[in-house]
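# Structural features, examined
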Amino acid sequence: MQCTKCGHEKLSVIKVERNRIRRNGIWIVANDKDTRIVVCDNCGKRYLTETTLMSEVVFNTTTLKRYEKSVASGQTFLFEPEYIQ
């Protein structure tokens, strides 16, 4: 993510509201999402972000490969992005 004010890419988490989302100024319980208050390290602008667990990365010792297992459906896909070592 990037700051909309300065374009900086480093945002730090100030606070995490576990299992809560904000809708129309009201906090609502949501068992599958967290809301984070983040601040831009460059200009100090603050944002609310929502975080959802989408998949679990599992290692198969038989095939020696990593797989992505969907939290919602349980389906498994090969997972080999170049940025994870």
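Above this text is the structure in question.
This report concerns the structure included in the present document.

Scoring rules and cut-offs
- Residues numbered from 1 in each chain as written.
- Predicted model: local features only at pLDDT ≥ 70, side-chain atom pairs only at ≥ 80, totals over all residues.
- Heavy atoms only, no water.
- Salt bridge = Lys/Arg side-chain N within 4 Å of Asp/Glu carboxyl O.
- Helix = DSSP H or I, 4+ residues; strand = E, 2+ residues; numbered from the N terminus.
- Core = buried A, V, L, I, M, F, W, Y, C linked by side-chain atoms within 4.5 Å.
- Buried < 20%, exposed > 50% of the residue type's maximum accessible area, 1.4 Å probe, protein only.
- Contact = heavy atoms within 4.5 Å.
- Polar contact = N/O pair within 3.5 Å; in protein donor to acceptor, adjacent residues only side chain to side chain.
- Pairing = 2+ DSSP bridges.
- Axes fitted to C-alpha atoms, helices over the stretch in contact; angles between N-to-C directions.

## Focus: the pattern of salt bridges
- One pass over the full model with this rule turns up six salt bridges.
- The salt bridge involving Glu17 is made with Lys15; its shortest N-O contact spans 3.5 Å.
- Arg23 serves as the salt-bridge partner of Glu50, at 2.5 Å between the closest nitrogen and oxygen. With Glu50 in strand β5 (residues 46-52) and Arg23 in strand β2 (residues 20-23), the pair connects residues that are 27 residues apart, well separated along the chain.
- Connected through shared salt-bridge partners, Lys15, Glu17 and Arg20 make up one network.

## Some words on the nonpolar core
- One finds Cys3, Leu11, Val38, Cys40 and Tyr47 forming the largest nonpolar core, which totals five residues.
- Those residues in contact with Cys40 that sit more than four places away from it in its chain are Cys3, Cys6, His8, Lys10, Leu11 and Lys45.

## Looking at the side chain of Thr49
- Its place among the elements puts Thr49 in strand β5.
- Every residue in contact with Thr49, bar those within four places of it in the chain, is listed here: Met1, Asp34, Thr35, Arg36 and Val38.

## What about the environment of Cys6?
- Tracing the backbone through its elements, the reader meets Cys6 in the segment before β1 (11-17).
- Take Cys6: its relative accessible area is 34%, and that puts it in the partly exposed class.
- A C-alpha to C-alpha distance of 8.7 Å links Cys6 and Cys40, two positions 34 residues apart in sequence.

## What about the environment of Glu50?
- A residue is classified by how much of its surface remains accessible, and Glu50, at 36% relative accessible area, is partly exposed.
- For the pair Glu50 and Val71, spaced 21 residues apart in the sequence, the C-alpha separation amounts to 17 Å.
- Those residues in contact with Glu50 that lie beyond four places of it in its chain are Ile21, Arg22, Arg23, Lys33, Asp34 and Thr35.
- For Glu50, the side chain forms a polar contact with the side chain of Arg23, separated by 2.5 Å.

## Digging into the side chain of Thr35
- Summarising the element assignment, Thr35 is placed in strand β4 (residues 33-40).
- Here Arg20 takes part through its backbone oxygen, which lies 2.6 Å from a polar atom of the side chain of Thr35.
- If we skip the residues at most four places from it in the chain, Thr35 touches Lys15, Val16, Glu17, Arg20, Ile21, Arg22, Trp27, Leu48, Thr49 and Glu50.

## Regarding the sheet that holds strand β6 (residues 55-60)
- Strand order in the open sheet formed by three strands is β6-β7-β8, with antiparallel pairing between adjacent strands. Only two strands of the sheet have a single neighbouring strand rather than two, namely β6 and β8 (76-78). Geometrically, the sheet is characterised by an average inter-axis angle of 35° between neighbouring strands, direction not taken into account.
- Two strands pair when backbone bridges link them, and strand β7 (residues 65-70) and β8 are joined in this way by three bridges, in the antiparallel orientation. Within β8, the position partnered with Lys69 by the bridge is Thr76.

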